[in-house]
Amino acid sequence: MVCRSYVQRLRADRQFRRAVEREFEIIGEALGRLERSDAAIAERIKELPRIISFRNRIIHGYDTVDDATVWGIIEGHLPTLLEQTEALLSEGNDEA
């Protein structure tokens, strides 16, 4: 369930909304670069195409981005992405 107070904050606080969207842009761009430089590792990010697509939507279709959807992604999908990236980074550290 999406926390209504955060969605309201996204709607009311332009700077907060822009900061959140900017972080998604950075995440999507970084994963796009990873996909181009090391496809085997990138494949291990389960929602990679959707993440990159969401980044593109924020940048190019910013007027169609729904605040509740953004917050739903933060709550429902960002923790999984964090776990996946931490596991990949841990593996990289173990190999070094």
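Scope of this entry: the structure provided in the associated data block. Since the structure is predicted, the reported quantities are computational estimates derived from the model, not experimental observations. (Residues numbered from 1 in each chain as written. Predicted model: local features only at pLDDT ≥ 70, side-chain atom pairs only at ≥ 80, totals over all residues. Heavy atoms only, no water.)

**With respect to the nonpolar core**
1) Next: Counting 12 residues, the largest nonpolar core consists of Val7, Leu10, Phe16, Val20, Phe24, Phe54, Ile58, Val65, Val70, Trp71, Ile73 and Ile74.
2) Next: Of all the elements in the fold, those that place two or more residues in this core are helix H1 (4-12), helix H2 (14-37), helix H4 (48-60) and helix H5 (67-76).
3) Next: Excluding residues within four positions of it along the chain, Ile58 makes contact with Glu21, Phe24, Glu25 and Val65.
4) Next: Core analysis: the second largest hydrophobic core is formed by 8 residues, Leu31, Ile45, Ile52 and Leu81 among them. (Core = buried A, V, L, I, M, F, W, Y, C linked by side-chain atoms within 4.5 Å. Buried < 20%, exposed > 50% of the residue type's maximum accessible area, 1.4 Å probe, protein only. Helix = DSSP H or I, 4+ residues; strand = E, 2+ residues; numbered from the N terminus. Contact = heavy atoms within 4.5 Å.)

**Regarding the pattern of salt bridges**
1) Next: The final tally for this structure, using the stated rule, is 8 salt bridges.
2) Next: Between Arg9 and Asp13 there is a salt bridge; the shortest N-O distance is 3.7 Å.
3) Next: For the salt bridge of Arg11 with Asp67, the shortest nitrogen-to-oxygen distance reads 3.7 Å. With a gap of 56 residues between them, Arg11 in helix H1 and Asp67 in helix H5 connect regions that are remote in the sequence.
4) Next: Relative accessible area serves as the criterion here: at 12%, Asp67 is assigned to the buried category.
5) Next: Shared partners join several salt bridges into a network, and the residues in it are Glu29, Arg33, Arg36 and Arg55. (Salt bridge = Lys/Arg side-chain N within 4 Å of Asp/Glu carboxyl O.)

**Here we look at H2**
1) Next: With 24 residues, H2 extends 34 Å between its outermost C-alpha atoms, agreeing within 8% with the 34 Å of an ideal straight helix rising 1.5 Å per residue.
2) Next: All buried positions along H2 are accounted for by Phe16, Val20, Glu21, Phe24, Glu25, Gly28, Leu31 and Gly32.
3) Next: Where H2 begins, the side chain of Asp13 points an oxygen toward the backbone nitrogen of Gln15, at a separation of 3.2 Å. (Expected span 1.5 Å × (residues − 1). Polar contact = N/O pair within 3.5 Å; in protein donor to acceptor, adjacent residues only side chain to side chain.)

Remember, this is a structural readout, not a statement about activity or role.
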